[in-house]
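# Inside the fold
Chain by chain, the residues run as shown.
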Amino acid sequence: MKNIKSITKMTGLTSKTLRHWETVGLLEPQRDENDYRLYSDADIARIFYIMSLREFDLPLERIKAVLAEGLNEKEALSQHLKRLNAQMSHLEKLVEHLSLKLDKGEYHMNEKDFELLKSKQLRENEEKYGSEIRQQWGDERVEQSYKKYAQADQDKIKHWQDSHEQVVQMLEKAYETQDEVLADQAILLHKEILELFWPEETISPEAHINLGQMYVADERFRANYNQKHEQLPEYFLQAIQNHYK
């Protein structure tokens, strides 16, 4: 039996990832008398199998089906391959359109250009934050959010971008002046723009606070808010928490 520290060294996974896999039902390690996790040889083999399926970008829900519901692995990967091929086909069409547009000297954005831009933004977001947000919210909810973004028109995307910049500016000013009212107004606006693409109609207080904690803990998220004040992410989190008191 091995503890969680040994498993992280062996696999390169974080303890957070292992705990998340346990939460979603992929792992069931035993516990010792002090309630510490212990992983058997079977657990370790299962972890490496999950890792191999994740290499193909297979969502955790599908991996769970393979492991728990007896879904045929070949079938699961075949279905996933169809989804990836559909995405690739879509991107190839957009790339072809952009190439023709540039060849013709057409530089103004039209609807096809906008679709290409959104696809690029979603791909970059997935590459940069995908692992963390999927661990936090689950594959299904992330895909629902992506779908909302993909269906948004230019006005909605511009409103989101402009409003996000406004949130940062409001927080910076509130931080400098210690204006709690302005900080709360920033949180209300932040909540509004989150809900533009949130899987559900409204974001729960717990989910909003969890996001704030990610802004503090992860350097990539921090970089979106600490350009002017290093401690602004912590101030942001405190303002979110205060909003729900």
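Throughout what follows, the structure given in this document is the object of discussion. (Residues numbered from 1 in each chain as written. Predicted model: local features only at pLDDT ≥ 70, side-chain atom pairs only at ≥ 80, totals over all residues. Heavy atoms only, no water.)

In terms of regular secondary structure, the protein chain is built from 12 helices and 3 strands. Buried residues in the protein chain amount to 38% of all 245 residues. A sequence separation of at least 24 residues applies to 57% of the contacts in the protein chain between residues at least 6 apart. Per element, the accessible surface of the protein chain, about 14,800 Å² overall, is 51% carbon and sulfur. (Helix = DSSP H or I, 4+ residues; strand = E, 2+ residues; numbered from the N terminus. Buried < 20%, exposed > 50% of the residue type's maximum accessible area, 1.4 Å probe, protein only. Contact = heavy atoms within 4.5 Å. Areas by Shrake-Rupley, 256 points an atom, 1.4 Å probe, with all protein chains shown as cover.)

With that settled, the discussion passes to the nonpolar core. Of all hydrophobic cores here, the largest spans 39 residues; its most connected members are Ile133, Trp137, Leu171, Leu211, Tyr215 and Phe236. Put simply, the parts of the chain that give this core at least two residues each are helix H6 (111-137), helix H7 (139-151), helix H8 (154-177), helix H9 (180-197), helix H10 (205-217) and helix H12 (232-243). Of the residues forming this core, the biggest block, 9 residues, is contributed by H9. Membership of the second largest hydrophobic core comes to 14 residues, among which are Leu18, Leu26, Ile50 and Leu60. (Core = buried A, V, L, I, M, F, W, Y, C linked by side-chain atoms within 4.5 Å.)

The next thing to look at is the packing of H9 against H10. For the pair H9 and H10, interaxial distance at closest approach is 12 Å and the crossing angle is 100°. What the angle tells us is that H9 and H10 run roughly perpendicular. The residues of H10 that touch H9, namely those facing Ile187, His190, Lys191 and Leu194, are His208, Leu211 and Tyr215. Residues belonging to the contact of H9 with H10 are distributed by class as follows: 4 nonpolar, 2 polar and 1 charged. (Axes fitted to C-alpha atoms, helices over the stretch in contact; angles between N-to-C directions. Parallel < 35°, antiparallel > 145°, perpendicular 65-115°, else oblique. Nonpolar A, V, L, I, M, F, W, Y, C, P; charged D, E, K, R; others polar.)

With that settled, consider the packing of helix H1 (residues 4-11) against helix H3 (residues 41-54). Between H1 and H3, the shortest axis-to-axis distance is 12 Å and the interhelical angle comes to 40°. As summarised for this structure, H1 and H3 are arranged oblique, according to the angle between their axes. By crossing handedness, the relation of H1 to H3 is classed as right-handed. Touching Ile7, Met10 and Thr11 of H1 are Ile44, Ile47, Phe48 and Met51, all from H3. Among the residues making up the contact of H1 with H3, the classes are represented as 6 nonpolar, 1 polar and no charged. (Left-handed = near helix turned anticlockwise from the far one by under 90°.)

Here we take up the side chain of Glu172. Within the fold, Glu172 resides in helix H8. Buried within the structure, Glu172 lacks any salt-bridge partner; its nearest side chain of opposite charge belongs to Lys228, at an N-O separation of 4.5 Å. Here Glu172 is in contact with Lys228, His229 and Leu232, once residues within four sequence places are set aside. (Lys, Arg positive; Asp, Glu negative; His and termini not counted. Salt bridge = Lys/Arg side-chain N within 4 Å of Asp/Glu carboxyl O.)

For the rest of this paragraph, the subject is the packing of aromatic side chains. Taken as a whole and assessed by the stated rule, the structure comprises 7 aromatic pairs. Among the aromatic side chains, those forming a connected cluster through ring pairs are Tyr215, Phe221, Tyr225 and Phe236. (Phe/Tyr/Trp six-rings, centres within 6.5 Å; stacked < 30°, edge-to-face > 60°.)

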